[in-house]
Amino acid sequence: SAIFQHMKLPSQIITELGSKLVEPFDPELVNPASYDITLDETAIYRGNLVKLSFTLEPGDFILVSSKQYWHFPIDVGGQLMLKSTIGRNGINHMLAGWFDPDFHGTATMELHNSGHLPFTLTEDMRVAQMVFDLMLAAPDKLYRDTGKYQGQEGVTPARIDRSNIIQDKKNEQSSSYLRHRFFNA
């Protein structure tokens, strides 16, 4: 039934769950149906660990982390959504924003400056919000058994088997992109 497709946790339940859901819990970050995500102090830019404050130039890509550590119950998933002010400044989150039930860890975000102006990211900046989805039941498979990022703390690069990346030696631009994208530069 369509009624079950959009069961979101409201502010009073987010507040009631508090530090059982997110640490540190700050009631000032609770919205009507989400919890604001603030930036941690470090990021990964072109394969290098950098400290925030950091200016993201147009076309640049950066990995950042939430200051918050998430504790998703086995019957709640999450969707990371950008704050509208961040989006209106041309910053785009690169679509990896689903958090499975039972995920525990910080949230790594993939940000891209799609705008025409530089944009400065600072520690503690509210860049996104977590929307919590109540599941109809706990899943048969838990993230602790299937996920690669369980327990991650701080900004975390992709955990992939790089032997599967096909590099075209005739196309240096393509292989340069892959090295940059997967931090092998």
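Quick caveat, the model's predicted, so the values are computed rather than measured.

Conventions adopted
Residues numbered from 1 in each chain as written. Predicted model: local features only at pLDDT ≥ 70, side-chain atom pairs only at ≥ 80, totals over all residues. Heavy atoms only, no water. Core = buried A, V, L, I, M, F, W, Y, C linked by side-chain atoms within 4.5 Å. Buried < 20%, exposed > 50% of the residue type's maximum accessible area, 1.4 Å probe, protein only. Helix = DSSP H or I, 4+ residues; strand = E, 2+ residues; numbered from the N terminus. Contact = heavy atoms within 4.5 Å. Salt bridge = Lys/Arg side-chain N within 4 Å of Asp/Glu carboxyl O. pLDDT = per-residue confidence, 0-100. Polar contact = N/O pair within 3.5 Å; in protein donor to acceptor, adjacent residues only side chain to side chain.

Student: What is the right way to look at the nonpolar core in this model?
Tutor: Side chains that are nonpolar tend, in soluble globular proteins, to be buried together. Residues Ile62, Trp70, Met109, Leu121 and Phe132 are the most contacted members of the largest nonpolar core, which totals 36 residues. At the level of secondary structure, the elements contributing two or more residues to this core comprise strand E2 (35-45), strand E4 (54-56), strand E5 (61-71), strand E6 (76-82), strand E9 (104-113), strand E10 (119-121) and strand E11 (126-134). Counting residues per element, this core draws most heavily on E2, at five residues.

Student: Looking at this structure, I do not really get the environment of lysine 83. What am I missing?
Tutor: Following the sequence through the fold, lysine 83 ends up in the loop between E6 and helix H2 (84-88). C-alpha separation for the pair lysine 83 and aspartate 36, spaced 47 residues apart in sequence, amounts to 8.2 Å. Residues in contact with lysine 83, not counting those within four places in the same chain, are Asn31, Asp36, Arg126, Val127, Ala128 and Gln129.

Student: Looking at this structure, I do not really get the side chain of glutamine 152. What am I missing?
Tutor: Following the sequence through the fold, glutamine 152 ends up in the loop between helix H3 (143-146) and helix H4 (172-181). Residues in contact with glutamine 152, not counting those within four places in the same chain, are Tyr69, Phe103, His104, Gly105, Thr106, Ala107, Thr108 and Arg159.

Student: Just checking my understanding: could you explain the pattern of salt bridges for this structure?
Tutor: Pairs may arise between side chains of opposite charge once their charged atoms sit close together. Scanning all chains against the criterion turns up eight salt bridges. Two residues, lysine 67 and glutamate 123, come together in a salt bridge whose shortest N-O distance is 2.7 Å. Linking lysine 67 in strand E5 with glutamate 123 in the loop between E10 and E11, this pair joins segments that are 56 residues apart in sequence. The partly exposed category is assigned to lysine 67, whose relative accessible area is 28%. Between aspartate 124 and lysine 67 there is a salt bridge; the shortest N-O distance is 2.8 Å.

Student: Just checking my understanding: could you explain the confidence of the model for the chain for this structure?
Tutor: Interpretation of this model should avoid reading the predicted coordinates in detail wherever pLDDT is low. Of all residues in the chain, 83% attain a pLDDT of 70 or more, and the chain-wide mean is 87. Note on residues 164-185: pLDDT under 50 across the span, and 21 contacts to partners over four residues away in sequence or across chains.

Student: What exactly am I supposed to notice about the side chain of threonine 156 here?
Tutor: Mapped onto the secondary structure, threonine 156 falls in the loop between H3 and H4. Here the side chain of threonine 156 touches glycine 154 through a polar contact of 2.9 Å, landing on its backbone oxygen. Non-local contacts of threonine 156, meaning those with residues more than four positions away in its chain, are made with Leu63, Thr108 and Tyr149.

Student: Explanation requested: unusual backbone geometry in the structure shown.
Tutor: What is expected of a backbone is that most residues other than glycine have negative phi and most peptide bonds are trans. In this model, glutamate 23 is joined to proline 24 through a cis peptide bond whose omega is -10°. Note that proline 24 resides in the loop between strand E1 (22-23) and E2. With phi around 50°, arginine 46 is a residue other than glycine that occupies positive phi space. The topology assignment puts arginine 46 in the loop between E2 and strand E3 (48-51). The backbone of aspartate 124 shows a phi angle near 75°, a positive value even though the residue is not glycine. Counting through the fold element by element, aspartate 124 comes out in the loop between E10 and E11. For aspartate 124, a relative accessible area of 43% puts it in the partly exposed group.

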